[in-house]
Amino acid sequence: MRQQVRPKKNLGQHFLIDLGIAQRIADTVDACADIPVLEVGPGMGVLTQFLAKKPRELAVVEIDKESVEYLKTHPLPLPGGGELRIIQGDFLRMDLSEVFGSRPFVLTGNYPYDISSQIFFKMLDNRDLIPCCTGMIQHEVALRMAACPGNKQYGILSVLMQAWYDVEYLFTVEPSVFNPPPKVQSAVIRLTRNNVTDLGCDEHLFRRVVKTTFGQRRKMLRVSLRQLFDQQPPADFFEQEMMTRRPEQLTIAEFVNLTNLVSEWI
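Notes on the structure in this doc start here.

1. Description of the sheet that holds strand β2 (residues 37-40)
In spatial order, the strands read β4-β3-β2-β5-β6-β9-β7; together these 7 strands make up an open sheet with mixed pairing. Two strands lie at the open edges of the sheet, namely β4 (85-88) and β7 (165-173), each paired on one side alone. Across the sheet, the mean angle from the axis of one strand to that of its neighbour is 25°, orientation sign disregarded. Running at roughly 165° to β4, helix α3 (residues 65-73) makes contact with β3 (58-62) and β4 of the sheet. Contacts between helix α5 (residues 139-146) and the sheet are confined to β6 (132-138), β7 and β9 (186-193), with β6 contributing the most and set at about 135° to the helix.

2. Focus: the packing of aromatic side chains
Counting across every chain of the model gives 7 aromatic pairs. Between phenylalanine 100 and phenylalanine 105, the ring centres sit 5.5 Å apart and the planes meet at 50°, which makes this aromatic pair tilted. Exposure remark for phenylalanine 105: the relative accessible area of 0% places this residue in the buried category. Between tyrosine 154 and phenylalanine 214 the ring centres are 6.1 Å apart and the planes differ by 75°, which places this aromatic pair in the edge-to-face class.

3. Some remarks on helix α9 (residues 252-263)
An ideal rise of 1.5 Å per residue puts 16 Å on 12 residues; α9 measures up with 16 Å between its terminal C-alpha atoms. All of the buried residues along α9 are Ile252, Phe255, Val256, Leu258, Thr259 and Val262. Across the axial projection of α9, the buried residues extend over an arc of 165°, all falling on one side. Those residues of α9 that are buried are in contact with α6 (156-162), α7 (203-214) and α8 (221-224).

4. Focus on the pattern of salt bridges
Scanning the entire structure with this criterion turns up 10 salt bridges. With its nearest N and O atoms 2.9 Å apart, the salt bridge here joins aspartate 27 to lysine 54. On the criterion of sequence distance, the pair formed by aspartate 27 in helix α1 (residues 19-27) and lysine 54 in the loop between α2 (48-51) and β3 is long-range, its members being 27 residues apart. On the accessibility criterion, aspartate 27 (32% relative accessible area) is partly exposed. Aspartate 30 is the partner of lysine 54 in a salt bridge, and the nearest nitrogen-oxygen pair spans 3.0 Å. Taken together, the residues lysine 54 in the loop between α2 and β3 and aspartate 30 in the loop between α1 and β2 connect sequence positions 24 residues apart. What you see here is one network of salt bridges that share partners, running through Asp125, Arg127, Glu203 and Arg207.

5. Some words on the side chain of serine 158
Locating serine 158 in the fold gives a position in helix α6. Since its relative accessible area comes to 1%, serine 158 is described here as buried. Among the polar contacts made by the side chain of serine 158, one reaches the main-chain carbonyl oxygen of arginine 144 at a distance of 2.3 Å. Non-local contacts of serine 158, meaning those with residues more than four positions away in its chain, are made with Arg144, Met145, Ala147 and Gln153.

6. A few points about unusual backbone geometry
Geometrically, the link from asparagine 179 to proline 180 is a cis peptide bond, its omega value of -10° lying close to zero. Mapped onto the elements, proline 180 comes out in the loop between β8 (178-179) and β9. Of note in this structure, serine 102 is not a glycine but carries a positive phi near 70°.

7. Remarks on the environment of aspartate 128
In this fold, aspartate 128 is placed in the loop between α4 (116-125) and β6. A relative accessible area of 68% places aspartate 128 in the exposed class. Measuring from C-alpha to C-alpha, the distance between aspartate 128 and threonine 197 comes to 9.4 Å, with 69 residues separating the pair along the chain.

8. Focus: the packing of α7 against α9
Running from amino to carboxyl end, α7 crosses α9 at an angle of 105°, the nearest separation of the two axes being 9 Å. By the angle between their directions, the pair α7 and α9 is classed as roughly perpendicular. Side by side, α7 and α9 meet where Leu205, Phe206, Val209, Val210, Thr213 and Phe214 of the first sit next to Ile252, Phe255, Val256, Leu258, Thr259, Val262 and Ser263 of the second. Among the residues forming the contact of α7 with α9, the class breakdown is 10 nonpolar, 3 polar and no charged.

9. Considerations on α7
Spacing of three or four residues puts side chains on the same side of an α-helix, whose turn is 3.6 residues. Given a rise of 1.5 Å per residue, 12 residues ought to cover 16 Å, and the 17 Å separating the end C-alpha atoms of α7 matches this to within 8%. Among the residues making up α7, those that are buried are Leu205, Phe206, Arg207, Val209, Val210, Thr212, Thr213 and Phe214. Buried residues along α7 sit in contact with α4, α6, α8 and α9. Taking the backbone nitrogen of histidine 204 as reference, a side-chain oxygen 3.0 Å away marks aspartate 202 as the first, capping residue of α7.

Parameters at a glance
- Residues numbered from 1 in each chain as written.
- Predicted model: local features only at pLDDT ≥ 70, side-chain atom pairs only at ≥ 80, totals over all residues.
- Heavy atoms only, no water.
- Pairing = 2+ DSSP bridges.
- Helix = DSSP H or I, 4+ residues; strand = E, 2+ residues; numbered from the N terminus.
- Axes fitted to C-alpha atoms, helices over the stretch in contact; angles between N-to-C directions.
- Contact = heavy atoms within 4.5 Å.
- Phe/Tyr/Trp six-rings, centres within 6.5 Å; stacked < 30°, edge-to-face > 60°.
- Buried < 20%, exposed > 50% of the residue type's maximum accessible area, 1.4 Å probe, protein only.
- Expected span 1.5 Å × (residues − 1).
- Arc of directions from axis to C-beta.
- Salt bridge = Lys/Arg side-chain N within 4 Å of Asp/Glu carboxyl O.
- Polar contact = N/O pair within 3.5 Å; in protein donor to acceptor, adjacent residues only side chain to side chain.
- Parallel < 35°, antiparallel > 145°, perpendicular 65-115°, else oblique.
- Nonpolar A, V, L, I, M, F, W, Y, C, P; charged D, E, K, R; others polar.

This is the structure:
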């Protein structure tokens, strides 16, 4: 019997044990462009074994030394021969332009719950390198990413992700397919880069506006926005119709317009 890697709570590890689910997740990359694939957090390679069967260049990045050792001592066959490329390190600290020599790639994985949002924010910062992303995340996070304006799940992650990517909620995964089982459901998603190349506003300020307004999501914009200004704009600025709305009511285009309004007084 193969020695198993023990899941580590400090790394948020929940190892997938259902091969059928692993195959379904691996197949989500088929709708993405025929470019290399980078898997985050392969663990013992349950998902990796199905990705490795695809005629694509594949690399995995794993922070857990025990998992890296397991993958090295239990090599997976690749279609063209050779060995699986294993990168030991922290995905959040990597220079992603170095992984495939500045070539674009698909990002996938069974992402650790505790850093999934950080993974997606890093993806946003490297969106020109990552035209497609798939994988499994916490159900609640997936709902937030895919939510539309007016939905109670609509928030910071929804706006920032959908500004640059089309988000698809693919299917739900039950806790029983993991070791150890998480306390919540999971979901598999796919994000595909949209055609936006320029938001039409200052991107840094856009993020500030989105995060500031959703930081007080129950308040009207005329209240939550005031903390952005060192010197308050004239009173009629806050008398505009938009200022009577709450952030979950705004589309991405309206957040862009709001950012441009704010930029005139910062």
